[in-house]
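# Examination of the molecular architecture
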Amino acid sequence: MKFGIIVFPGSNCDRDVAMVTQDLFKQPTRMIWHQETNIDDLDLIVIPGGFSYGDYLRCGAIARFSPIIKSVIKHADQGKYVLGICNGFQILTEIGLLPGALIRNRDLHFICDRSVLRVENNALPWTKAYHNQQVITIPIAHGEGRYFADQDTLKELEDNQQVLFRYCNNQGEITQESNPNGSLNNIAGIVNKKGNILGMMPHPERASDPILKATDGRGLFESIINR
Amino acid sequence: MATYQSRIYVTLRPSVLDPAGVAVESGLKQMGYTEVEGVRIGKYIELTLTASDENTAKQQLDQMCDQLLANTVIENYCFELIEK
């Protein structure tokens, strides 16, 4: 699988993702400067974490107008894969490729911590390597990660099983206490209706290299590579 | 062509929790302003725009707000326009 990782001014998790896809999983990977527009050779586009354009105005609001984004929309329309992590998730909602928005955390803090997640749907190419309802630990690092959508959109997400990851406690129970940022329905990651676009606040690339003693994110990369 | 000064106000939709507004409200209450309620924090943007007439300027501002200045999933906006 050929990976492409978009680099905006202010991206800072781009090389972490490349480290995983290229060095750990030995997949062809190239960095895509946001001014580029030709990505026809790629199977999966990663929009990485960071602070694109300094998060000015709103997180992801300005990145959305970069030249590369038109190509990303075309890529997604063709049914090819797009993965937005953290700032990438914010950008995907700003583009409108995923519904809802990510807003200031409930308690106003930037949270850098390990988050416990429950895999809600393992029937998709993103999560096949996990058991259904598996409890995994993946780091989060964000100030604006509170998932918000209107009630109709939320219902649609739930009815179509588009919620892939939910914040939970160590027992896998979905509780208010285990919700770090106040996300509605404890949502940590969602896909579009077709399932080829995934946005998530947690960073699977930070939990993939065994040297870090945290490897629960590997399943995501294994799943999509062996889809 | 005319030049317009515009003041744009972007506010969180009423259905969206505004924890910063809640924090400021509790600060005001601690100062003794106990009658205060409903504090909501938004954004204020100024810009100068040249357009053929007021309607065109308004149309352009609507588009700017819808496409960039506000995210209508979570925010509402309104603006004032003053001919310079």
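Because the structure is predicted, anything quoted here is derived from the model rather than measured. Residue numbering note: each chain is counted from 1, following its sequence as written. Written order determines the labels here, with chains lettered from A and ligands numbered from 1. This being a predicted model, a pLDDT of at least 70 is required before a residue's local features are given, and a value of 80 or more before pairs of side-chain atoms are given or counted; all residues contribute to the totals for chains, interfaces and linings.

For the rest of this paragraph, the subject is the overall build of chain A. By the criteria applied, helices consist of DSSP H or I runs no shorter than four residues and strands consist of E runs no shorter than two, each listed in order from the N terminus. Assigned secondary structure in chain A consists of 5 helices and 11 strands. Scaling as 2.2 N^0.38, a compact globule of 227 residues should have a C-alpha radius of gyration of about 17 Å, and chain A matches this with 16 Å. Our exposure labels follow a C-beta count within 10 Å of each residue's own C-beta, placed from the backbone: buried means 20 or more other C-beta atoms, exposed means 12 or fewer, and partly exposed covers the counts in between. When the 227 residues of chain A are sorted by exposure, 52% land in the buried category. Note that contacts rest on C-beta atoms placed from the backbone: two residues are in contact if these are within 7 Å. A separation threshold of at least 6 residues defines the contact pool for chain A, and within that pool the share at least 24 residues apart is 75%. Radius of gyration: C-alpha atoms only; globule rule: 2.2 Å multiplied by the number of residues to the exponent 0.38.

Moving on: the interface of chain B and chain A. Accessible area lost upon the coming together of the parts serves often as the stated size of an interface. Of the residues lining the interface, 8 residues belong to chain B; the matching set on chain A comes to 11 residues. Top element by residues in the side of chain B that touches chain A is helix 1 (residues 19-30) of chain B. It accounts for 3 residues. Throughout this entry, Asp, Glu, Lys and Arg are counted as charged residues, while Ala, Val, Leu, Ile, Met, Phe, Trp, Tyr, Cys and Pro are counted as nonpolar. The remaining residues, Gly among them, count as polar. Classifying every residue of the side of chain B that touches chain A by side-chain character gives 7 nonpolar, 1 polar and no charged.

Residue and element names in this part refer to chain B. Between any two strands, pairing holds if DSSP finds at least two bridges. Ordered in space as 2-1-3, the 3 strands form an open sheet in which the pairing is antiparallel. Each edge of the open sheet carries a strand with a single partner, namely strand 2 (43-51) and strand 3 (75-83). For this sheet, the mean inter-axis angle between neighbouring strands, taken without regard to orientation, is 25°. In terms of strand pairing, strand 1 (residues 2-12) meets strand 2 through 9 bridges, oriented antiparallel. From the neighbouring strand, Ser6 faces strand 2, where its bridge partner is Leu47. Axis lines are fitted through C-alpha atoms, for helices just across the contact stretch, and the angle between N-to-C directions can take any value from 0 to 180 degrees.

Each residue gets a pLDDT score, which is the predictor's confidence in that residue and runs from 0 to 100. Per-residue confidence for chain B gives a mean pLDDT of 96; residues scoring 70 or more make up 100%. Overall fold confidence (pTM) sits at 0.94, and the ipTM for the predicted complex is 0.86.

In this description, a nonpolar core means buried residues of the types Ala, Val, Leu, Ile, Met, Phe, Trp, Tyr and Cys, linked to one another by C-beta atoms lying within 7 Å. Counting residues in hydrophobic clusters, the biggest one holds 68 residues, and the most contacted among them are A:Ile6 and A:Val46. Excluding its chain neighbours within four sequence positions, the residues that come into contact with A:Ile6 are A:Ile32, A:His34, A:Ile45, A:Val46, A:Ile47, A:Pro48 and A:Ile68.

Here the expected length of a helix is defined as 1.5 Å per residue gap, with one fewer gap than residues. The end-to-end C-alpha separation of helix 1 of chain B is 17 Å, in line with the 16 Å expected for 12 residues at 1.5 Å each. Looking one or two residues beyond helix 1 of chain B, the residue adopting positive phi is B:Gly32, at roughly 110°.

This paragraph deals with the sheet that holds strand 2 (residues 29-33) of chain A. Residues and elements named next belong to chain A. If you walk across this open sheet you meet the 9 strands as 2-1-3-4-11-10-9-6-7, and the pairing is mixed. Every interior strand has two partners, whereas the edge strands, strand 2 and strand 7 (135-142), have only one. Averaged over all pairs of adjacent strands, the angle between strand axes in this sheet comes to 25°, irrespective of strand direction. Judged from the 4 bridges that link them, strand 4 (residues 81-85) and strand 11 (residues 197-200) form a sheet pairing that is parallel. Considered in strand 11, the bridge of Ile85 is made with Met200.

Turning next to the pairing of strand 1 (residues 3-7) of chain A. Residues and elements named next belong to chain A. With respect to burial, strand 1 is a largely interior element, 5 of its 5 residues being buried. Alternating residues of strand 1 divide into Phe3, Ile5 and Val7 and Gly4 and Ile6, and every residue in both groups is buried. As judged from the 5 bridges shared by strand 1 and strand 2, these two strands associate in the parallel manner. Residue pairing for strand 2: Ile6 is matched across the bridge by Ile32. Where strand 1 lies against strand 3 (residues 44-47), 3 bridges are found, and the strand directions are parallel. Residue pairing across strands places Ile5 opposite Val46, the latter belonging to strand 3.

Residues and elements named next belong to chain A. Residue placement: Glu205 occurs in the loop between strand 11 and helix 5 (218-225). Put simply, Glu205 and Leu97 are 108 residues apart on the chain and 22 Å apart in space, counted from C-alpha to C-alpha. Sequence-distant contacts of Glu205, that is, excluding residues within four places in its chain, are made with Cys13, Asp16, Val17, Val20, Ile85 and Gly217.

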